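# Observations on the model geometry
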Amino acid sequence: MKGCAVDYMSHSLSFGFYNEVRKVADIRTFNAVRPRKDLADKIAALPYDVYSREEAREKVKGDSLSFLRLDRPETQFPPDYDMYSDEVYEKARELYDDMLRDGSFIKDEKSSYYIYELIMDGRHQTGIVAASSIDDYLNGVIKKHENTREEKEKDRINHVYTMSAQTGPIFLAYRDEAVINETVARIKNGEALYSFVADDGIGHNVWAIDNDNDIMTIKNCFSNIDAVYIADGHHRAASAVKVGLKKREENPGYTGEEEFNYFLSVLFPESELAILPYNRVVKNKTGLTTEELLDKFKEVSDITVSENAFQPDEKGTVGLYIDNKWYRLKFKKELLSDDPVKGLDVSILQDNILSPILGIDDPRTSSDIDFVGGIRGLGELERRAGLDMDLAFSMYPTSIDELFNVADAGLLMPPKSTWFEPKLRSGLFIHEI
């Protein structure tokens with residue numbers, strides 16, 4: 001099978017003294033540090049940010065292998081210890097060095113790509129593990145769809161810098177490329193490096209792409225792609241880039257080939273991805289009764305009672321749970337928009353109900369709203385609405401095309417617009433910088 005040919009004419013356009021180099025993705029192989037085969041299922045852990053401090057501490061109790069110990073090293077200290085102190089990050093490095101010495105981790109001698117397949121409820125999601133360029137992030141080849149907060153970046157900056165390694169892969173997406181898909185499918189017929197089912201029922205399979213021809217095929221295909229999108233992990237990506245820039249300052253003679261110029265990522269073709277809804281639960285501090293609220297909602301939507309818990313089955317509809325009853329809200333036609341951001345269901349809800357009626361002007365900072373990942377189901381919305389909130393909205397999921405369109409337009413989505421499952425495990429691949 002032929003690899004993707006690199007179109008050099010499209011990469012460099014010369015007109016007299018004018019020369020423009022087309023920006024394309026620089027997606028490279030790397031020498032992965034990874035678990036010994038018999039320990040992969042014991043080491044692999046969910047991302048650090050899915051746990052509260054207490055949950056992380058409980059999760060690693062009595063566990064000497066879980067990578068969560070390294071991702072959340074404050075779990076190795078008393079509960080009231082400053083989790084952002086230098087000693088905490090140094091502990092992560094100490095634990096890592098111990099696992100390298102005792103052979104729990106091995107480092108591949110050959111620089112390779114890897115295939116990472118996750119299986120959830122019978123759905124297979126397969127991506128390529130690689131090192132992505134921080135320059136692609138800076139020049140816009142790697143596109144973002146949400147802002148990051150500096151205080152959330154600092155922890156991972158310190159973690160990556162102290163460990164001299166990136167441990168949590170950034171979840172990237174790209175538009176399907178047939179040759180990459182065919183190459184991946186063929187290699188998946190071979191023997192896997194790892195194959196296990198985690199305790200949450202998610203299957204994990206890993207293969208190495210270490211054949212030189214396959215490596216060149218993958219590299220050439222990515223060099224024809226001019227846009228890669230952050231699906232999940234904006235803060236991890238920003239932190240990795242800032243560590244890379246710091247390393248450049250410390251090494252003024254850098255060539256650009258050093259590992260700190262790249263960050264750990266898993267790249268998925270769009271056809272492999274499914275976005276789950278990101279639902280909302282809200283307090284009613286308006287002083288309005290349920291009937292009065294429903295009257296307000298009727299000004300912007302057509303409302304019908306639902307006999308069962310309602311999960312929207314088409315764009316432009318929202319489920320409402322209030323006073324132990326479910327409703328179907330269909331936004332009025334004049335509220336719909338072709339604008340990449342204003343046309344999102346989460347934006348229509350925010351602009352026409354959450355802000356003007358319920359007073360949630362800034363969902364990033366308001367304590368009167370919370371967000372519930374679709375993986376938790378509608379029962380969780382009912383529970384929260386009866387516990388610490390008053391009403392809930394079930395959303396139709398944002399599509400991967402909508403995500404691409406927002407990023408391509410250089411715009412940003414409202415907070416908590418997308419929820420991806422299954423989550424990539426940390427500890428299966430480590431990129432040393």
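### Things to note about the nonpolar core
Within the largest apolar cluster, 65 residues are counted, with the highest numbers of intra-cluster contacts made by Tyr116, Phe297, Leu320, Ile353, Leu358, Phe393 and Phe429. Once residues within four sequence positions are removed from consideration, leucine 320 is found in contact with Leu294, Phe297, Lys325, Trp326, Tyr327, Leu329, Leu391, Ala392 and Phe393. Core analysis: the next-biggest nonpolar cluster, separate from the first, contains 34 residues, Tyr137, Cys221, Phe222 and Val241 among them.

### Quick notes on the packing of aromatic side chains
Across all of its chains, the model carries 14 aromatic pairs by this definition. Ring geometry for phenylalanine 171 against phenylalanine 268: centres 4.9 Å apart, planes inclined by 45°, an arrangement best described as tilted. A residue pair is termed long-range when its members are at least 10 positions apart, and phenylalanine 171 in strand β10 (residues 170–174) and phenylalanine 268 in strand β14 (residues 262–269) qualify at 97 residues. Each member of the pair, phenylalanine 171 together with phenylalanine 268, is buried.

### Here we look at unusual backbone geometry
Across the junction of glutamate 421 and proline 422, the peptide omega takes the value -5°, indicating a cis bond. With respect to the helices, strands and loops of the structure, proline 422 is situated in the loop between β22 (419–420) and β23 (431–432). We note that aspartate 121 has phi near 50°; this positive angle belongs to a residue other than glycine. Note on placement: aspartate 121 falls in the loop between β6 (113–120) and β7 (123–133). With a relative accessible area of 76%, aspartate 121 lands in the exposed category. Look at asparagine 324: it is not a glycine, yet its phi comes out positive at around 60°.

Thresholds applied
Residues numbered from 1 in each chain as written. Predicted model: local features only at pLDDT ≥ 70, side-chain atom pairs only at ≥ 80, totals over all residues. Heavy atoms only, no water. Core = buried A, V, L, I, M, F, W, Y, C linked by side-chain atoms within 4.5 Å. Buried < 20%, exposed > 50% of the residue type's maximum accessible area, 1.4 Å probe, protein only. Contact = heavy atoms within 4.5 Å. Phe/Tyr/Trp six-rings, centres within 6.5 Å; stacked < 30°, edge-to-face > 60°. Helix = DSSP H or I, 4+ residues; strand = E, 2+ residues; numbered from the N terminus.

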